[in-house]
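A structural walkthrough
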Amino acid sequence: MNGRLETLRRLQSIDTQLRRLEGDKLYRGYDVQKKLALIQQKKTELTKLNEEAKIFQKNVGMKELDLKSMETEIAKLRLQMNQVKTNKEYSAIQAEIGGKEANKSVLEDEILGMITKYEEMNQRCKAFEKTIEHESLQLKELQKHVEADLTTLDAQIQELKKKREKYTSLLDSDALQQYNRLVSHKDAVAVVPVVNKVCQGCFMSVTAQTLNQLLSGKDTTFCHSCGRILYLHNDNETSEEEEK
Ligand SMILES: [Zn+2]
């Protein structure tokens, strides 16, 4: 393999790693954003729950006022009952009191039911607050990890960029331009192997002419289908892992 091609391969290997590392950085950032969004959503839900509980509490208060005025009316009727002159009037008031007592008992049951529900609502709010607290702690932990990861990733990226400079300085400006153009247009893969006469960039068979050119190892060979720079895959060569 000629020196220029070897350099291009190394450059490609570095750029592939760089791309992967940049992707990793992005994903780590997403993890934090996802968690933040989740917490924000739960906080919004909690606010809604709290508001609902507040409205409910107000309704309980109103029912309790109704109950008070019912009790006042019943007390008034009892006073009246003691002052009436006839049995008929007495019975009428007694019946009225009976009706109001029945209503009062229904209302009391209703209020008890509402208070139970209100307590449940409050408990749900508290449970929600606890969840949010827990998630917030998790977020802090996650942020710490992500920060550490990002520092590591950045260091690796810096290292690779230095290496990249070394290899780009070995290339003539034409080859570098070609490479850079291909990398920016071909999904960041400019240099690909030919395996079993198939270009591993576009998976089209290469022509006999291309193959001959590759075998001669003189010039830079391009895939006639996708335009990428080709090299012959050889199992005896050291793998691309060597750049790691
Ligand atoms: Zn191709």
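Residues numbered from 1 in each chain as written. Predicted model: local features only at pLDDT ≥ 70, side-chain atom pairs only at ≥ 80, totals over all residues. Heavy atoms only, no water.

1. Focus: the coordination of the zinc ion
Where we set the bar: In this listing, donors mean N, O and S atoms no farther than 2.8 Å from the metal, or 3.2 Å for Na, K and Ca; water is missing from the atoms, so a site can look incomplete. Note on geometry labels: four donors, all angles 85 to 135 degrees, give tetrahedral; four donors become square planar and six octahedral when opposite donors are over 155 degrees apart and every other angle is between 65 and 115; remaining cases are irregular. Secondary structure elements follow DSSP: runs of H or I no shorter than four residues count as helices, runs of E no shorter than two count as strands, and numbering proceeds from the N terminus. Each residue gets one of three labels from its accessible area relative to the maximum for its type: buried under 20%, exposed over 50%, partly exposed in between, using a 1.4 Å probe on protein chains only.
Around the zinc ion, the protein contributes the donor atoms C199 (SG), C202 (SG), C223 (SG) and C226 (SG), at 2.3 Å from the metal centre. Seen from the zinc ion, its four donor atoms lie at angles of 105 to 113°, and the figure they make is tetrahedral. Spacing between the donor residues of the zinc ion along the chain follows C-x2-C-x20-C-x2-C. Linking C202 in the loop between β2 (198-199) and α4 (208-216) with C223 in the loop between β3 (221-222) and β4 (229-232), this pair joins segments that are 21 residues apart in sequence. For C223, a relative accessible area of 4% puts it in the buried group.

2. What to know about a nonpolar patch on the surface
We count it as follows: Candidates for patches are residues over 30% relative accessible area with no salt bridge; among them, like charges are joined within 9 Å and nonpolar side chains (Val, Leu, Ile, Met, Phe, Trp, Tyr) within 5 Å. Surface exposure here means Shrake-Rupley accessible area, sampled with a 1.4 Å probe, where a residue is shielded only by the protein chains that are shown. Should a side-chain nitrogen of Lys or Arg be within 4 Å of a carboxyl oxygen of Asp or Glu, the pair is scored as a salt bridge.
Taken together, the side chains of L26, Y27 and Y30 define a hydrophobic patch exposed on the protein surface, amounting to about 350 Å² of accessible area. Structurally, the position occupied by L26 is in helix α1 (residues 3-83).

3. Some remarks on the sheet that holds strand β1 (residues 191-195)
Condition: Strands pair, by our definition, only if DSSP identifies at least two bridges between them. Residues are treated as being in contact if the distance between any of their heavy atoms lies within 4.5 Å. Working convention: axes come from line fits to C-alpha atoms, limited for helices to the stretch in contact. Angles between N-to-C directions cover 0 to 180 degrees.
Judged by pairing direction, the sheet is mixed, and its four strands sit side by side in the order β2-β1-β4-β3 without closing on themselves. Since the sheet does not close on itself, it has two edges, and those belong to β2 and β3, each with one partner. Across two bridges, β3 lies against β4 in antiparallel orientation. Bridge pairing in β4 links T221 to L230. Here α1 sits on the sheet in contact with β1 and β4, set at roughly 110° to β4.

4. Side note on α4
Convention followed: Read the arc as the range of directions from the helix axis to the C-beta atoms.
If you check which residues of α4 are buried, you get T210, L211 and L214. Taken down its axis, α4 places every buried residue within 100° of arc, on the same side. Residues of α4 that are exposed and point over 90 degrees away from its buried face: A208, Q209, N212 and L215. On its buried face, α4 is in contact with β1, β3 and β4. The first or second residue beyond α4 is G217, which carries a positive phi of 65°.

Functional significance is not addressed by these values, which are geometric in nature.
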